[in-house]
Amino acid sequence: MKKTIGLLQVSLCIIAITFSVSSSALAQSASAEAELPAQSELPKWLSRGLPVREHEVLTPLVGTWRVQMSFYGTLGRSPDQPPLVTDDLISRRQWLAGGRYIEDTMEGTLDGAPVWRRGWLGYSIMDARYEWVTIDPVNTTMMHFEGAPNSGGQMPISMSGAFTDQGVAGEDTVGKSVGMRTVIKIENNDRHVFELYFTRPGQQETLATRAVYTRLNE
């Protein structure tokens, strides 16, 4: 019994150390890494969940950003109408869970109305794909996007999903499943683009939103 308790305490200690690693762990010096348990010393079920290169390539997305977002044929507007555009949005992103996920909180205004959205971006090692989940005060549906299996090394990042529309994509699609796809284009450390596409039933994929992120130095 004492041996079982001892092994449990060691495992919990390793987990605590692993989850306390900050986002900077993705670029630590060799001396700092030497202070952490070697990967070979970790249980296999735990070492398989350590951040990898596909997490590290997301590092340029972390920080504070000014966002210029354009809305095409959504929010009750026809695709024939000019897009709604706002540059009054700020996005703040940080690493969570020791460099495994990025939390993204965006807020500001659009046409005088408040805008807020929170999302979590990660990379599933076991599925070799990126995943993106968002919530907002407009929909009661959590938006889930997943890359194709074994697509982790492909750029730009493309992740797809579907949602049951409440009318955001138009009155003709209320209660129907609308396909959606997010594309992330990382241009450099100070600029990147998020594009959201909708595929309405029986129609071709069309651009729904385009957001250009420019880094703010705070």
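Residues numbered from 1 in each chain as written. Predicted model: local features only at pLDDT ≥ 70, side-chain atom pairs only at ≥ 80, totals over all residues. Heavy atoms only, no water.

**Focus on the packing of aromatic side chains**
To describe a pair of aromatic rings, one takes the distance between the centres and the angle between the planes. Scanning the entire structure with this criterion turns up 4 aromatic pairs. Both rings, one in Trp132 and one in Phe194, keep their centres 5.7 Å apart while their planes meet at 70°; by these two values the pair is edge-to-face. You can see Trp132 sitting in strand β5 (residues 129-135) and its partner Phe194 sitting in strand β9 (residues 191-199), a full 62 residues away along the chain. For Trp132, a relative accessible area of 4% puts it in the buried group. Seen from the ring of Tyr213, Arg93 lies directly overhead, with NZ or CZ sitting 4.5 Å from the centre. (Phe/Tyr/Trp six-rings, centres within 6.5 Å; stacked < 30°, edge-to-face > 60°. Helix = DSSP H or I, 4+ residues; strand = E, 2+ residues; numbered from the N terminus. Buried < 20%, exposed > 50% of the residue type's maximum accessible area, 1.4 Å probe, protein only. Lys NZ or Arg CZ within 6 Å of the ring centre and 35° of its normal.)

**Remarks on the nonpolar core**
Across soluble globular proteins, nonpolar side chains have a tendency to be buried as a group. Counting residues in hydrophobic clusters, the biggest one holds 33 residues, and the most contacted among them are Leu58, Leu121, Met159 and Phe198. Take this core: its biggest share by element is 4 residues, from strand β1 (residues 63-71). Setting aside its immediate chain neighbours within four residues, Leu121 contacts Leu58, Leu61, Arg100, Tyr101, Ile102, Glu131, Trp132, Met159 and Ile184. (Core = buried A, V, L, I, M, F, W, Y, C linked by side-chain atoms within 4.5 Å. Contact = heavy atoms within 4.5 Å.)

**Observations concerning the pattern of salt bridges**
Taken as a whole and assessed by the stated rule, the structure comprises 11 salt bridges. With its nearest N and O atoms 3.3 Å apart, the salt bridge here joins Glu146 to Arg129. One end of the pair, Glu146, is in strand β6 (residues 143-146); the other, Arg129, is in strand β5, with 17 residues separating them in the sequence. When the shortest N-O distance is used, the salt bridge between Arg191 and Glu187 registers 2.4 Å. (Salt bridge = Lys/Arg side-chain N within 4 Å of Asp/Glu carboxyl O.)

**Comments concerning the confidence of the model for the protein**
Mean pLDDT for the protein: 85, with 81% of residues reaching 70 or above. Of the regions scoring below 50 in pLDDT, residues 1-36 engages in 23 contacts with residues more than four places distant in sequence or in other chains. (pLDDT = per-residue confidence, 0-100.)

**Things to note about the pairing of strand β2 (residues 84-96)**
One ladder, built from 8 bridges, connects β1 with β2; its direction is antiparallel. Looking at β2, one finds that Ser70 is bridged to Val85. Relative to strand β3 (residues 101-110), β2 is paired through 8 bridges, and the arrangement is antiparallel. Note that in β3 the partner of Ser91 across the bridge is Met106. Hairpin connection between β2 and β3: a loop of 4 residues separates the two successive antiparallel strands, and Ala97 in this loop has a positive phi of roughly 55°. (Pairing = 2+ DSSP bridges.)

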